[in-house]
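Below are the chains, spelled out letter by letter.
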Amino acid sequence: LGEHDFYARIFRDLGIAYQPMRWARDYNPALLGRYDAREEVGKQARVLELINAYRVRGHLIADIDPLNALPIQYHPELDIETYGLTIWDLDREFITGGLAGKEIATLREILDVLRRAYCGKVGTEYRHIQSKEQKVWVRERIRQEFVHPEPLPAETRKALLMRLTRAETFERFLHTKYLGQKRFSLEGCETIIPLLDQLVERAAEKGVEDITLGMAHRGRLNVLANVVGNFSERIFTAFEGSVHPDFPADEGDVKYHQGATGERETASGRKVRVSISPNPSHLEFVDSVVEGMVRAKQDALQLAGSPREEVIDRALPVLLHGDAAFAGQGIVMETLQLADLPGYRTGGTIHIIINNQIGFTTSPEDSRSSIYSTDVAKMTQLPIFHINGDDPEAAFRTLRIALDFRQEFNKDVVLDVVGFRKLGHNEGDEPSYTQPLMYARVKAHPGVRAKYAQRLIQEGVVTQEEVDAMIREATERYEASLARAKQIVSERPPKKELPAPAQEEDGSAVVETPVEAGVVREIARSIAVVPEGFNINPKMVSQLARRAKMGEGELPADWAFAELVAFGSLGLEGVRVRLSGQDSGRGTFSQRHAIMYDTQTGKPWVPLTEMTARDGRSLVEVFDSSLSEQGVMGFEYGYSVVARDALVAWEAQFGDFSNGAQVIIDAFIAPGVDKWQQPSRLVLLLPHGYEGQGPEHSSARLERYLQLCAENNMQVCYPTTPAQYFHLLRRQVKQQTARPLVVMTPKSLLRLPAATSSLEELTRGGFRPVIDDEGVADRDAVRRIVLCSGKVFYDLAAARKQADDYRVAVV
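Residues numbered from 1 in each chain as written. Predicted model: local features only at pLDDT ≥ 70, side-chain atom pairs only at ≥ 80, totals over all residues. Heavy atoms only, no water.

## With respect to a nonpolar patch on the surface
Among the surface-exposed residues, Ile-61, Ile-72 and Tyr-74 lie close enough to one another that they form a single nonpolar patch of about 350 Å² accessible area. Ile-61 sits in the partly exposed class, given a relative accessible area of 32%. (Patch = residues over 30% accessible without salt bridge, like charges linked within 9 Å, V, L, I, M, F, W, Y side chains within 5 Å. Areas by Shrake-Rupley, 256 points an atom, 1.4 Å probe, with all protein chains shown as cover. Salt bridge = Lys/Arg side-chain N within 4 Å of Asp/Glu carboxyl O. Buried < 20%, exposed > 50% of the residue type's maximum accessible area, 1.4 Å probe, protein only.)

Structure representation (structure tokens):
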């Protein structure tokens, strides 16, 4: 680039009008000062480069560590000497591009503004975002909150201190009353509690009616006691070795895994439903589950008549992460990638990192290859704020930016609250074995509450007497809860009854699930008749013709047809149907074709979606998912927990790929009711083989799902005919008991002429747990009965026919 082109590009990228000088005609030293014009323009451009460098890299030298232990991430681009500037230039004036509301400022003033904006108690990463609109928005809000901020009202500051006091007092109260018991303390990161408290308050002001939280065990008890609701009595009852009568499901699992739901009335009088989803010790696996739950809530609101942009603002997902887990767990990346996909979008998630600067005993340099634990989040171009956990006001101001950004752009935001872990991984652990230097600093730290209280006293916001009163109020609050808990344990009142098990528990009853022939014909026409102007793939013409004939009963129904009729009929009956998975639109084996594409325009045609559309929202939806197992399966599980009357199905590309989601299956789906009291009708469709493809794709691992079955917790089925599959899908939402269903869907049977069903089999009866051998003419001649399911039947039937030996019945 020429010199002028180079400078022009810098000015253009910064959004500043710049007209290159025509030196021969416009050079005028008097207008440009006493320095040479070319040198002056060059320095001006380098100052603008310096401004941009602080916006990009200022976070590297921000004061975000309460322990002052993080290594300084010095970068030469933040040094004025890099740009040929010296201390003699500090008092010279330069064009700022409106920095801090000034068009002209000295270099000294410019540096002061940049350090307040980007190098204070909050370090911001946002220049990786490609959208200019979003970058400018974040930049202006940083300027508003941190350069020349309006003072926070005294009442807001007192509220922050009160929540800090309750958070700290809760942890110390437990530590005193139950010394040595595990609670996974929040101490060192107490700022999380006032941050969440204000999140609820401000979200309500913006129209949010429902907040769903997901988090691991660190700080969970504190969140239950001080954010979701006052669940202290329930918590103390568990510490006393009993179960609170209102929460019988707490029995059998540790206290820091369970979920809860509360209703908060904010200071402005608005009510917000706040729930925290149960989560095992698998840390981040609840992330996509929460996203699915929120999507189901939003879809329900949309079906009730609210526009999509409104329902996104009314239901908000909030995920709390650990720093080591956020960097180390792959489920985090999978969940982040779902954020802007059509079938999984929830309008933006507030991610909050409880950053202890340690993972159990592992230091950051051993747990990640990146500078920050949050670097993985940059891939989805969301803003990231690193916050010093010792400054609740900085956290509060950042929260305002984050929540407004989410509501404005419907995108995720990450708040990385940097604190420390006061005790070990659990309260019986000794952390100085592995981090002696860190824990020397931890022991010397007075605590964020004490530091903030002292600050407010010095500034005349509160008195020492008021601070002491806050501590007394919090202590009395927990003492009263403990007294009630001890009374419960001593009196042993009756527990609330859990839902009684339904009568049809063993699956042997035939649930009638037929569909009228006219409905089958209607669906067949919808999926077979191409819209006018749509250019269908020529290879699909014969398949669509076959579908039309199947609807009329002229050809027997194959698997794909029976499945589409099951989906469509449920949609026509007002039941939500949601199918997602890798390549689910077409089907892994090119069998489903629920989504077809115009050969000229690429525009999709989704006949079932169009047929069941209501007020802009379809009751039947099919989505091709990201190449994810655990993330997407977790999402669909969460969706099914909320949408309990819907048919929600996740399909593996090949059945044995479900082992990529083993934690979701083992820790959520199989024990969902017994462990979490979360009924679900989720369907897992697992295509399988035994088709000679070797160990990699020979089986969907039927045996491992059978091993997970106990106390009628879920259903596992290997259907043999299209009609059986049809009725099985409809039965899943018609049966009284909500239970997950694992279906070994076929491969070779998809086009096997023998594996078809008549129209009459769809229009009568239901799923048959046992199918008699209808090929035996002389029952008295039978000497052996073989029980089987699925594909095996056709192999046995063919072998028997070839041997012409009907002394064996195949049932």
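## Side note on the environment of Val-733
One can find Val-733 in helix α28 (residues 722-734). A C-alpha to C-alpha distance of 54 Å links Val-733 and Leu-70, two positions 663 residues apart in sequence. (Helix = DSSP H or I, 4+ residues; strand = E, 2+ residues; numbered from the N terminus.)

## Some points on the sheet that holds strand β20 (residues 741-743)
Taken in spatial order, the 6 strands of this open sheet run β16-β11-β17-β18-β20-β19, and their pairing is parallel. If you trace the sheet from one side to the other, it starts and ends with β16 (620-624) and β19 (715-717), each paired once. The sheet shows a mean angle of 15° between the axes of neighbouring strands, direction not considered. With 3 bridges joining them, β19 and β20 adopt parallel strand pairing. When the sheet's bridge partners are listed, Cys-717 is paired in β20 with Val-743. Lying on the sheet, helix α22 (residues 559-572) is in contact with β11 (577-581), β16, β17 (647-651) and β18 (683-685); it crosses β11 at an angle near 140°. On top of the sheet, α28 reaches β17, β18, β19 and β20; it is set at about 165° to β20, its chief contact. (Pairing = 2+ DSSP bridges. Axes fitted to C-alpha atoms, helices over the stretch in contact; angles between N-to-C directions. Contact = heavy atoms within 4.5 Å.)

## Focus: the packing of aromatic side chains
On inspection of all chains with the given rule, the structure shows 17 aromatic pairs. Against the face of Phe-247 rests Arg-234, its NZ or CZ located 4.1 Å from the ring centre. In this arrangement the basic side chain of Arg-704 is found over the ring face of Tyr-705, its NZ or CZ atom lying 5.3 Å from the centre. (Phe/Tyr/Trp six-rings, centres within 6.5 Å; stacked < 30°, edge-to-face > 60°. Lys NZ or Arg CZ within 6 Å of the ring centre and 35° of its normal.)

## Comments concerning the packing of α22 against α28
Direction vectors running N to C along α22 and α28 enclose 25°, while the axes themselves pass 8 Å from each other. Judged by the angle between their axes, α22 and α28 are roughly parallel. The way α22 lies across α28 gives a crossing that is right-handed. For the pair α22 and α28, contact is made by Trp-559, Ala-562, Glu-563, Val-565, Ala-566, Phe-567, Ser-569 and Leu-570 and by Pro-722, Tyr-725, Phe-726, Leu-729, Arg-730, Val-733 and Lys-734, respectively. Class assignment for the residues of the contact of α22 with α28 results in 11 nonpolar, 1 polar and 3 charged. (Parallel < 35°, antiparallel > 145°, perpendicular 65-115°, else oblique. Left-handed = near helix turned anticlockwise from the far one by under 90°. Nonpolar A, V, L, I, M, F, W, Y, C, P; charged D, E, K, R; others polar.)

## A look at the pairing of strand β6 (residues 271-276)
Here 4 bridges tie strand β4 (residues 210-214) to β6, and the two strands are oriented parallel to one another. Residue Thr-212 lies in a different strand from β6, and its bridge partner there is Ser-275. Pairing geometry for strand β5 (residues 260-265) and β6, over 6 bridges, is antiparallel. Within the sheet, the bridge partner assigned to Arg-264 lies in β6 and is Val-272. The loop that links β5 with its antiparallel partner β6 comprises 5 residues; one of these, Gly-269, has a positive phi angle of about 90°.

## Observations regarding empty space enclosed by the protein
Following the criterion strictly, the structure yields 6 cavities of 30 Å³ or more and no others. Of the voids in this model, the largest cavity is the one considered here, and its volume is about 120 Å³. Every residue lining the largest cavity is counted, 14 residues in all, and those nearest its centre are Gln-591, Arg-592, Glu-651, Thr-745 and Leu-750. Class assignment of the residues belonging to the lining of the largest cavity gives a composition of 8 nonpolar, 3 polar and 3 charged. (1 Å grid on protein atoms, 1.4 Å probe; cavity = no way out; pocket = protein on both sides within 12 Å on 5 of 7 lines; lining within 4 Å. Points joined across faces, edges and corners; volume = space filled by probe spheres on them.)

## Focus: the side chain of Asp-299
Among the structural elements, Asp-299 can be located in helix α11 (residues 286-303). One polar contact links Asp-299 to Tyr-639, side chain to side chain, over a distance of 2.7 Å. Setting aside its immediate chain neighbours within four residues, Asp-299 contacts Arg-308, Arg-576, Arg-617, Glu-621 and Tyr-639. (Polar contact = N/O pair within 3.5 Å; in protein donor to acceptor, adjacent residues only side chain to side chain.)

## Thoughts on the nonpolar core
Residues Leu-196, Leu-213, Phe-236, Val-318, Ile-352 and Leu-415 are the most contacted members of the largest nonpolar core, which totals 93 residues. Apart from residues no more than four positions distant in its own chain, Phe-236 is found in contact with Phe-170, Phe-173, Leu-174, Tyr-178, Tyr-478, Ser-481, Leu-482 and Ala-485. Counting 50 residues, the second-largest nonpolar core is a separate cluster that includes Ala-315, Val-641, Val-648 and Leu-686. (Core = buried A, V, L, I, M, F, W, Y, C linked by side-chain atoms within 4.5 Å.)

## Quick look at the state of the cysteines
The tally for this structure, following the rule as stated, stands at 0 disulfides. For the unlinked cysteine Cys-717, the closest cysteine sulfur is that of Cys-709, found at 11 Å. Looking at Cys-788, it has no disulfide partner, and the nearest cysteine sulfur is the one in Cys-717, 12 Å off. (Disulfide = S-S within 2.5 Å.)

## Focus: the environment of Gly-574
Turning to its location among the elements, Gly-574 is positioned in the loop between α22 and β11. With a relative accessible area of 36%, Gly-574 lands in the partly exposed category. With 364 residues separating them along the chain, Gly-574 and Asp-210 place their C-alpha atoms 25 Å apart. Setting aside residues no more than four positions away along its own chain, Gly-574 makes contact with Arg-614 and Leu-619.

## Quick look at the confidence of the model for the chain
For the chain, per-residue confidence averages 91 on the pLDDT scale, and 95% of positions sit at 70 or higher. Low pLDDT, under 50, characterises residues 22-35; the predicted model gives this stretch 12 contacts beyond four residues in sequence or across chains. (pLDDT = per-residue confidence, 0-100.)

## Re the sheet that holds β5
Across the sheet, which stays open at both edges, the 8 strands sit in the order β3-β9-β10-β8-β7-β4-β6-β5 with mixed pairing between neighbours. Looking along the sheet, the strands with just one partner apiece sit at the ends: β3 (122-125) and β5. For this sheet the average axis-to-axis angle between neighbouring strands, irrespective of direction, equals 20°. Pairing geometry for β3 and strand β9 (residues 384-388), over 4 bridges, is antiparallel. Counterpart to Val-122 in the pairing with β9 is Ile-387.

## Looking at the side chain of Gln-44
Within the element layout of this structure, Gln-44 appears in helix α4 (residues 37-57). Excluding residues within four positions of it along the chain, Gln-44 makes contact with Phe-11, Phe-94 and Ile-95.

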